[in-house]
Amino acid sequence: MASVTLGGNPVNVAGELPEVGKAAPDFQLTKTDLSNVSLADYKGKNVILNIFPSVDTDTCATSVRKFNEKAASLEDTAVLCISKDLPFAHARFCGAEGIQNVDSLSSFLEDQDFENKYGVRLDGGPFSGLMARAIVVVDKEGTVKHTELVSEIANEPN
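The rules behind the values
Residues numbered from 1 in each chain as written. Predicted model: local features only at pLDDT ≥ 70, side-chain atom pairs only at ≥ 80, totals over all residues. Heavy atoms only, no water. Helix = DSSP H or I, 4+ residues; strand = E, 2+ residues; numbered from the N terminus. Buried < 20%, exposed > 50% of the residue type's maximum accessible area, 1.4 Å probe, protein only. Areas by Shrake-Rupley, 256 points an atom, 1.4 Å probe, with all protein chains shown as cover. Core = buried A, V, L, I, M, F, W, Y, C linked by side-chain atoms within 4.5 Å. Contact = heavy atoms within 4.5 Å. Patch = residues over 30% accessible without salt bridge, like charges linked within 9 Å, V, L, I, M, F, W, Y side chains within 5 Å. Salt bridge = Lys/Arg side-chain N within 4 Å of Asp/Glu carboxyl O. Pairing = 2+ DSSP bridges. Axes fitted to C-alpha atoms, helices over the stretch in contact; angles between N-to-C directions. Phe/Tyr/Trp six-rings, centres within 6.5 Å; stacked < 30°, edge-to-face > 60°.

### Details of the overall build of the protein chain
A tally of regular secondary structure across the protein chain gives three helices and 10 strands. Taking all 158 residues of the protein chain together, the buried fraction comes to 47%. Put simply, the protein chain shows about 7,400 Å² of open surface, and 46% of that area lies on carbon and sulfur atoms.

Spelled out as structure tokens, the structure:
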């Protein structure tokens, strides 16, 4: 079990991020148009999973904006912004912010086990049950190439 902090206070994270060099766990998440998507749908592309607690927090919103900006210049790469927010909250935020270069996905409706598969479920603290801030990079073959569990939830990933 990993540990991160929220405002300097320790919070346990249930599980561990997927192991670099291993196959990334598949998932079924919900897009803003309520359609389902899985990791298999991105086969043949590099995939960056930007995982965070909620689009309605300042740091999470900033990271989605930055990933959207950077995603515009990436070839053969899909950037997935993932939280437990309802798809409606993702749609509202993306519409208001002009977010068009990332797929904003919710684990709330379909794969409520996503946070366990990826080892990012916060276990305790005010965000208990939500997801820790993390990055997982998956190559075109579905292999995990890089992971980062952000040690302070209020900070952006590297």
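On we go.
### Examining the nonpolar core
With 22 residues, the main nonpolar core has L49, I51, L80, I82, F114 and Y118 as its most contacted residues. Those elements that place two or more of their residues in this core are β5 (46-51), β6 (77-83) and β9 (134-138).

### With respect to the environment of N46
Mapped onto the elements of the fold, N46 is located in strand β5. The spatial distance from the C-alpha of N46 to the C-alpha of D139 is 4.4 Å, given a sequence separation of 93 residues. Among all residues touching N46, those that are not within four sequence positions of it are D76, T77, A78, V138, D139 and K140.

### What about a nonpolar patch on the surface?
Taken together, L34, L86, F88, F108 and L109 make up a surface patch of nonpolar side chains, about 460 Å² in accessible area. Assignment of secondary structure puts F108 in the loop between β7 (103-106) and α3 (114-117). By relative accessible area, which is 38% here, F108 ends up partly exposed.

### Observations concerning the environment of K43
Mapped onto the elements, K43 comes out in the loop between β4 (36-38) and β5. Sequence separation between K43 and G142 is 99 residues; the distance between their C-alpha atoms is 7.0 Å.

### Points about the pairing of β5
In terms of burial, β5 is a largely internal element, five of the six residues being buried. Where β5 and β6 come together, six bridges link them in parallel fashion. Of the residues in β6, the one forming a bridge with I48 is V79. Pairing analysis gives five bridges linking β5 to β9, with the strands arranged antiparallel. Pairing of I48 across the sheet is with V137, part of β9.

### Things to note about the sheet that holds strand β8 (residues 121-123)
Pairing within the open sheet is antiparallel, and its three strands lie in the order β1-β2-β8. Both outer strands of the open sheet, β1 (2-6) and β8, are each paired with one neighbouring strand and no more. Pairwise comparison of adjacent strand axes, ignoring direction, gives a mean angle of 45° for this sheet. Pairing of β1 with strand β2 (residues 9-14), which is carried by five bridges, proceeds in the antiparallel orientation. Within β2, the position partnered with S3 by the bridge is N12.

### Details of unusual backbone geometry
The residue L34 is not glycine, and still its phi comes out positive at about 70°. By secondary structure assignment, the location of L34 is in the loop between β3 (28-30) and β4. A relative accessible area of 45% means that L34 is categorised as partly exposed.

### Here's the deal with the packing of aromatic side chains
This structure, assessed with the given rule, holds three aromatic pairs. A centroid spacing of 5.6 Å and a plane angle of 80° characterise the contact between F27 and F114, whose relative ring orientation is edge-to-face. Of the two residues, F27 is situated in the loop between β2 and β3 and F114 in helix α3; the sequence distance between them amounts to 87 residues. Here the two residues F27 and F114 agree in accessibility, since each one is buried. By the ring-pair criterion, three or more aromatic residues cluster together here, those being F27, F114 and Y118.

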